[in-house]
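# Structural description and commentary
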Amino acid sequence: MKNVFRGNWYIAAVWFLLLGAYVLISLGVPAGTARITAANILLCVMPLLVNGALLINAVTPDWRKQAFWMLLSLGCTFWLAGQAVWTYIEVYHHRNTPYLSNGYFSNVDIIFFLHTVLMIAALAVQPHKPSDDRKLLYSYVDFGLILCWWLYLYVCVVIPWQYVVTDGKRYVEAFSVVVLLQNIVFVGGAIRLSMSATRYWRRIYGHLAAVEAVYVIRLIIIQVVVGRGSYTRGSLYDLPLLISFLWLGATGIVAYRHRDEDSNASVQPATQSAQDANASTDTIWASRAARLALFSLPLIGFWCLRISEAPLAVREFRLLVSLGAVLPLGVLVFLRHELADREHLQVLRASQESFDNLKRLQTQFVQSEKLASIGQLVGGAAHEINNPLTAILGYSELLADDPSAAESARSIAVKIRDQARRTKTLVGNLLSFARQVPSEHRSPIDINAIVNTSVQFRRFDLRGKNIRFVVQAEAGIPEVRADMNQLLQVFSNIINNAVDAMDEAGGGTLTVKTLFEKGNVVILFSDTGPGMSDPNLVFDPFYTTKPVGKGTGLGLSICYGLIQDQGGQISCYNRSEGGATFRIDLPAIPVAFPFSPRSVGATTHREPAKMA
Ligand code: ADP
């Protein structure tokens, strides 16, 4: 803290020294060549120092801050360039009549004009905002817009008095009005930014507003004094100019000394939504300003045509310039809108995607909860039923095979045994549904091989059915870590359901497709059957549309649990062109070289995988 104070005192001392030197020159040296020379040299040295103070802040990876300080310093450099030309005119040519009478050098005014344009552009970068790379393009377009519009204003308002109808008095008036407007815009912008920013940047913007306010005061004073004809370089009237420059330099140094506050502030977590809200208000403001700039052209054109009392040649010139400016400004505004549209579209897509994800997650959550609670209930009941059922099955088998028993009793025993076996299968299914314990036999698996095996198994049993299987296996997809038997169980269940559905419809084709997408291995089973009556219910336990004795409604709910257990997802939908599709996503094992020659061999004609 002590160091900071000491540092600030050093700066203040240097500044006071410079100011003191100027005051001494101004009061001590009589008006004349010596005073003009000394004052001019001081006025050239000062922006150089200020430039250094600004540029030390530009050493940052953050593009916004970098651009801000660079533009400020570039503005300062422009001022320096203008001042250097002035020094040359006044010291070397000994002329001190400003503006038009300096012939070729009268164009130097535009350099002074551009210095504030660059500073306005620096404010438009808004360095207090987070440096989102998306905004970089916007910044270029905004810079183009700012430059284009101010140049247009200059060419429209000032230039005619220089080249169309030469009129020194009106030229000075027009120039002063435009420059005054510029600086007022800068002060207004800096005040607005300082109100919206916090701490570090609030202070910097505040300083800049003050710097430019002093500059505005100096402009007004000079205007009055030049009007009276009592202005000479080196007089006290230039003191506000010095103050404003020194203040700008001090701002650069203060910013540098307190840069830690800025980095601390940017580390503070800003929520994504807050950032997005910030960014969107940012875009709205900037695009409003851009539109305003474009609409100002016809208004200025109208003013030239109907209201202005300038000579006809000037009015014509202004009208032409307004028409000519429509093109570059229009292109830039169009470009800005195009960028904004593209960004809105991206945001819309992203929010739609997150909404879909949320919905899917919710459905999955509800499904898992439902399965878990039903599973508990069913598991308990099945376990209790299983023991007496085993006894019934055992005794009925004994009785059915007992040669000493009566024939009628044996035939009843066979019926009891068959029903008991059916019930045992059902209870087995119930138990495997309820169990859903994490698998312990996971190993890297080539999905294409498992798919081919499952299809081969079922293919043997398609006799008499008008059903075809097509496998479209993507070559070179990564392996997944899973339990092979469980995957076979899931695939077989889905294939069996598809066969049942297509058989009902008199035949069809089941296409099994594998692919690699966003880090997942995806398996798609698409049949050409009648589709599901209610895709939302198929994973519910006991939901079946099959006749009694054929379906239990447990197959898919078991599959659901098994796939979740493997860290994957299963979903289904009816396709618009007809038929049902089941989709399984399994996380792929990350590999350094996903398309290694070993895995490229997986094709449609692969041999069935060996069962574990
Ligand atoms: P089950 O096969 O015992 O009926 P599942 O849980 O395997 O039990 O299937 C539940 C229900 O889902 C089936 O009864 C059927 O109505 C529907 N289903 C499953 N796969 C398909 C498919 N490919 N086409 C049409 N409906 C299907």
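Structural data are supplied above this passage.
First things first, this report covers the structure right here in the doc. For clarity, every value in this text was computed on a predicted model and none was experimentally measured. Numbers given to residues run from 1 along each chain, matching the order in which its sequence is written. Local features are withheld for residues below a pLDDT of 70 in this predicted model, meaning they are given only at 70 or higher, and side-chain atom pairs are given and counted only at 80 or more; totals for whole chains, interfaces and linings count all residues. As a rule here, side-chain values cover all heavy atoms of the structure and leave hydrogens and water aside.

Our focus in this paragraph is the pattern of salt bridges. Only one rule defines a salt bridge in this text: a Lys or Arg side-chain nitrogen within 4 Å of an Asp or Glu carboxyl oxygen. For the structure shown, the criterion picks out twelve salt bridges. Salt-bridge contacts for R336 lead to D142; the nearest nitrogen and oxygen are separated by 2.5 Å. In this pair, R336 sits in helix α12 (residues 312-401) while D142 sits in helix α5 (residues 134-157), placing the two residues 194 residues apart along the sequence. Exposure class is identical for R336 and D142. Each is buried. When the shortest N-O distance is used, the salt bridge between R583 and E517 registers 3.1 Å. Taken together, the positions of R583 in strand β7 (residues 580-587) and E517 in strand β4 (residues 508-517) put the pair 66 residues apart, joining distant regions of the chain. Each residue is assigned to one of three classes by its accessible area relative to the maximum for its type, calculated with a 1.4 Å probe on protein chains only: buried under 20%, partly exposed between the two thresholds, exposed over 50%. Since its relative accessible area comes to 34%, E517 is described here as partly exposed. Strands here are runs of E lasting at least two residues and helices are runs of H or I lasting at least four, both read from the DSSP assignment and numbered beginning at the N terminus.

Size it by volume and the second largest pocket reaches roughly 1100 Å³. Along the walls of the second largest pocket sit 40 residues, with N497, D500, T544, K546 and G551 positioned nearest its centre. Of all elements in the fold, only α13 (407-435), α15 (484-504), α16 (555-565) and β7 reach the threshold of two or more residues within the lining of the second largest pocket. The element best represented in the lining of the second largest pocket is α15, accounting for ten residues. Note that Gly is not counted as nonpolar here; it falls among the polar residues with everything else outside the nonpolar set of Ala, Val, Leu, Ile, Met, Phe, Trp, Tyr, Cys and Pro and the charged set of Asp, Glu, Lys and Arg. Among the residues making up the lining of the second largest pocket, the classes are represented as 16 nonpolar, 18 polar and six charged. A cavity, in this analysis, means grid points on a 1 Å lattice covering only the protein atoms where a 1.4 Å probe fits yet has no way out; a pocket is instead an open set bounded by protein on both sides within 12 Å along at least five of seven lines, and a residue lines either one if it has an atom within 4 Å of a point. Grid points are joined across faces, edges and corners, and a volume is the space filled by probe spheres set on the points.

The next subject is the nonpolar core. Ranked by internal contacts, the top residues of the largest apolar core, which has 88 residues, are F68, W69 and F113. For this core, the element with the highest residue contribution is α5, accounting for eleven residues. Apart from residues lying up to four places away in sequence, W69 is in contact with L54, N57, A58, W201, I204, G252 and A255. In plain words, nonpolar cores are sets of buried Ala, Val, Leu, Ile, Met, Phe, Trp, Tyr and Cys residues tied together by side-chain atoms within 4.5 Å. With 52 residues, the next largest nonpolar core counts V471, A473, A482 and L556 among its residues. Note on contacts: a residue pair is in contact if any heavy atoms of the two residues lie within 4.5 Å.

Let us look at the packing of aromatic side chains. A pair of aromatic rings is counted whenever rings of Phe, Tyr or Trp (Trp by its six-membered ring) have centres within 6.5 Å, and the orientation is called stacked for planes under 30 degrees apart, edge-to-face for over 60 and tilted otherwise. Counted by the stated rule, this structure contains 16 aromatic pairs. Pairing F68 with W69 gives two aromatic rings, centres 4.9 Å apart and planes at 75°, and the pair type is edge-to-face. For F68, a relative accessible area of 0% puts it in the buried group. Owing to a relative accessible area of 2%, W69 belongs among the buried residues under this scheme.

The next thing to look at is empty space enclosed by the protein. Applying the stated criterion across every chain yields a total of one cavity of 30 Å³ or more. Approximately 60 Å³ is the volume found for the largest cavity. Taken together, the residues of the lining of the largest cavity break down into five nonpolar, two polar and one charged.

Moving on to the site of the ligand. We call a residue near a given molecule or strand whenever any one of its heavy atoms falls within 4 Å of it. The local shell around the ligand holds 20 residues, among which D527, T544, T545, K546 and L556 are the closest. Whenever a nitrogen or oxygen atom comes within 3.5 Å of another N or O atom, the pair is scored as a polar contact, on the condition that within protein one atom can donate a hydrogen and the other can accept it, and that pairs from neighbouring residues in sequence are kept only if both atoms are in side chains. Residue G553 places a main-chain N or O atom 2.9 Å away from an oxygen atom belonging to the ligand. Within the backbone of L556, an N or O atom sits 2.8 Å from an oxygen atom of the ligand. Areas reported as accessible are Shrake-Rupley estimates using a 1.4 Å probe. Residue values count occlusion only from the protein chains shown. Burial of the ligand by the protein amounts to 94% of the accessible area it has alone, namely 540 Å². If over half the atoms of a molecule are within 2 Å of the grid points of a cavity or pocket, the molecule is regarded as sitting in it. Given that more than half its atoms are within 2 Å of the pocket grid, the ligand belongs to the second largest pocket. With four residues, α15 is the single largest residue contributor to the shell around the ligand. Within the shell around the ligand, the residues separate by chemical class into nine nonpolar, nine polar and two charged.

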